[in-house]
Amino acid sequence: MQKKILEALKAGSGYVSGEQLSALLKISRSAVWKHIDQLREQGYDILAVPHLGYQLKSSPDKLLPGEVREGLKTRIIGREIVYRESVMSTMDEAFALAVNGAAEGTVVCADVQGRGRGRMGRVWSSPQGKGVYLSVILRPQMPPSQVARLTLLSAVAACEAVNRVSGVGAGIKWPNDLLVRGRKLAGILTELNAEFDRVRFVVIGIGINVHGGRGHLPAVATSLKQELKRDVSRVEVAREVLRSLEQWYTRALKSGFPVVFERWKELSVTIGRRVSLRGPEGIREGEAVGLDEDGGLLVRLDSGETVKKISGDVVLI
Ligand code: BTN
């Protein structure tokens, strides 16, 4: 109902009368009023003028389905968008929906996360209203061993989207951190539910620091606001990420992942750099020289040996 009211308010350039809305939605004028009130509670600034009706003055920069969906024009990603004001983690919400059969492309967005999580057990700082926090359910037909490819694909999609919307010039640090001037702007977490040889579903979690200032960000992080000294709309960033994810996902399903890896390399701030690897062999250094077919990082060690890093992190030297 609220979706329809919003559509009507956005379509009309001036006022839309209560009478028009009640006829359109086949509800009483007091029911219209109640819905308008609920929209206001969500942050919509709606003017009500006696004898004229309602006018939408501004929409909130929250990842509400009605906002993200506007002009989205995707077929798979975002066909269902779930918004929660506050969650522990959008990953948990998306997992629960996926277990209950949610369609591929379902997206869960939140305004704040109480326990946002990052890779390798880290915490993802998710203050209210400061970032894009979303998780996307995918149901790819691939063995679990290939899911890392989707992580790189998501990094490409998010990197292109953020750069397109803001012009910030982010690059990708292997496997999927978005960096600007060496500081972390965004991170991607891939979790899956699988049988031994078959993926049931994958949840891609994307966190992007948008409005956060120094006080809201970990020391090694940055935000779009911090970099650009202006506000960028979270809705626009999220919408572009979903669009871009759909483009890359459908392209990869159709033509394979080499095209994704080529683009990843172009956006990479890791390839060609000296890196340090931590592992059971201790700390080793070398040059990042490429990707293997599963998205592992190929590093030519100073000893001359080339090794493949498939999990964990690398440190840029
Ligand atoms: C990382 O860089 O370690 C990955 C960070 C992923 C953060 C996002 S925010 C939305 C989704 N929900 C979470 O709890 N984590 C991911």
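Note that the coordinates shown come from a computational prediction; the quantities given were computed from them, not determined experimentally.

Peer 1: Before we move on, could you go through the overall build of the protein and cite the residues and values that matter?
Peer 2: Within the protein one finds nine helices and 14 strands. If you line up the protein on its principal axes, its C-alpha atoms span 80 × 45 × 30 Å. Here the protein, with 317 residues, has 52% of them falling under the buried criterion. A separation of at least 24 residues holds for 60% of the contacts in the protein among residues at least 6 apart in sequence. Approximately 14,800 Å² of the protein is accessible, and the part contributed by carbon and sulfur atoms is 50%.

Peer 1: Please provide a residue-by-residue account of the nonpolar core, values included.
Peer 2: Leu134 and Ile208 are the most contacted members of the largest nonpolar core, which totals 81 residues. If you tally residues by element for this core, the top one is helix α6 (residues 148-166), at 10 residues. Not counting residues up to four positions away in its chain, the partners in contact with Leu134 are Thr90, Val107, Val108, Cys109, Ile204, Gly205, Ile206, Ala238 and Leu242. Judged by nonpolar contacts, the second largest core, of 10 residues, contains Ala94, Ala98, Leu189 and Phe201.

Peer 1: Any details on the sheet that holds strand β14 (residues 315-316)? Residues and values, ideally.
Peer 2: The five strands lie next to each other as β13-β12-β11-β10-β14, forming an open sheet whose pairing is antiparallel. Here the strands that pair on one side only, and so sit at the sheet edges, are β13 (306-309) and β14.

Peer 1: Mind laying out the packing of aromatic side chains, listing which residues take part and the relevant values?
Peer 2: Between two aromatic rings, the relevant description is the distance of the centres plus the angle of the planes. Taken as a whole and assessed by the stated rule, the structure comprises three aromatic pairs. Consider the rings of Phe257 and Phe261, whose centres lie 6.4 Å apart with planes at 50°: the pair is tilted. As far as the burial class goes, Phe257 and Phe261 line up, both buried. One cation-aromatic arrangement involves Arg251 over Trp248; the distance from NZ or CZ to the ring centre is 4.3 Å.

Peer 1: Quick rundown of the side chain of Ser223? Include the residues and the values.
Peer 2: Looking at the secondary structure, you find Ser223 in the loop between β9 (199-209) and α7 (224-228). Residue class for Ser223 comes out buried when judged on its relative accessible area of 0%. Polar side-chain contacts of Ser223 include one of 2.6 Å to the backbone oxygen of Gly212. Those residues in contact with Ser223 that sit more than four places away from it in its chain are Leu185, Asn209, Val210, His211, Gly212 and Leu217.

Peer 1: So, the site of the ligand: which residues are in play, and what are the values?
Peer 2: Taken together, 20 residues lie near the ligand, and Ser89, Gln113, Arg117, Arg119 and Lys184 sit nearest. A distance of 3.0 Å separates a nitrogen atom of the ligand from a polar atom in the side chain of Thr90. One of the backbone nitrogen or oxygen atoms of Arg117 is found 2.7 Å away from a nitrogen atom of the ligand. The fraction of the free accessible surface of the ligand (420 Å²) that becomes covered by protein chains is 99%. Counting only elements with at least two residues in the shell around the ligand, the list comes to α5 (90-99), β5 (131-138), β8 (183-194) and β9. With four residues, β8 is the largest single contributor of residues to the shell around the ligand.

Peer 1: Go over a nonpolar patch on the surface with me, naming the residues and quoting the values.
Peer 2: On the surface, Tyr15, Leu47 and Leu52 cluster together into a nonpolar patch covering about 240 Å² of accessible area. Position of Leu47 relative to the elements: it lies in strand β1 (residues 45-49).

Peer 1: Go over the pattern of salt bridges, please, and point to the residues and values.
Peer 2: Considering all chains together, one arrives at 28 salt bridges under this definition. We note a salt bridge from Asp61 to Arg234, for which the minimum N-O separation is 4.0 Å. In this pair, Asp61 is assigned in the loop between β2 (53-58) and α4 (65-68) and Arg234 in helix α8 (residues 234-255), connecting sequence segments 173 residues apart. Of the residues examined, Arg234 reaches a relative accessible area of 3% and is grouped as buried. One salt bridge in this structure joins Glu160 and Arg164, with 3.9 Å as the shortest N-O distance. Here Arg164 and Glu160 lie together in helix α6, a separation of four residues that amounts to about one turn. Given the relative accessible area of 12%, Glu160 is considered buried.

What counts as what
- Every residue gets a number counted from 1 within its own chain, in the order that chain's sequence is written.
- Whole-chain, interface and lining totals are the exception, using all residues; otherwise, since this is a predicted model, local features are given only for residues with pLDDT of at least 70 and side-chain atom pairs are given and counted only at 80 or more.
- Water and hydrogen atoms were dropped before computing side-chain values, which therefore reflect all heavy atoms in the structure.
- Every helix listed is a DSSP run of H or I at least four residues long, and every strand listed is a run of E at least two residues long, numbered separately from the N terminus.
- For every residue, the accessible area obtained with a 1.4 Å probe (protein chains only) is divided by the maximum for its type, and the residue is called buried under 20%, exposed over 50%, and partly exposed between those limits.
- In this description, contact between two residues means that some pair of their heavy atoms is separated by no more than 4.5 Å.
- For accessible areas, the Shrake-Rupley method is used with a probe of radius 1.4 Å. Any residue's cover is judged against the shown protein chains and nothing else.
- We call a set of buried residues a nonpolar core when its members are Ala, Val, Leu, Ile, Met, Phe, Trp, Tyr or Cys and they connect through side-chain atoms within 4.5 Å of each other.
- In this description, strands pair whenever DSSP reports at least two bridges between them.
- Centres within 6.5 Å make a pair out of two Phe, Tyr or Trp rings, where for Trp the six-membered ring is used; the pair is then stacked when the planes are under 30 degrees apart, edge-to-face when over 60, and tilted otherwise.
- When the NZ atom of lysine or the CZ atom of arginine is within 6 Å of a ring's centre and also within 35 degrees of its normal, the charge is said to sit over that ring.
- Counting of polar contacts relies on pairs of N or O atoms within 3.5 Å, with two restrictions inside protein: one atom must be capable of donating a hydrogen and the other of accepting it, and residues adjacent in sequence are counted only when both atoms are side-chain atoms.
- A single heavy atom is enough: if one lies within 4 Å of a molecule or strand, its residue is considered near that molecule or strand.
- Residues forming no salt bridge and having over 30% relative accessible area are the ones grouped into patches, like charges within 9 Å of each other and nonpolar side chains (Val, Leu, Ile, Met, Phe, Trp, Tyr) within 5 Å.
- Should a side-chain nitrogen of Lys or Arg be within 4 Å of a carboxyl oxygen of Asp or Glu, the pair is scored as a salt bridge.

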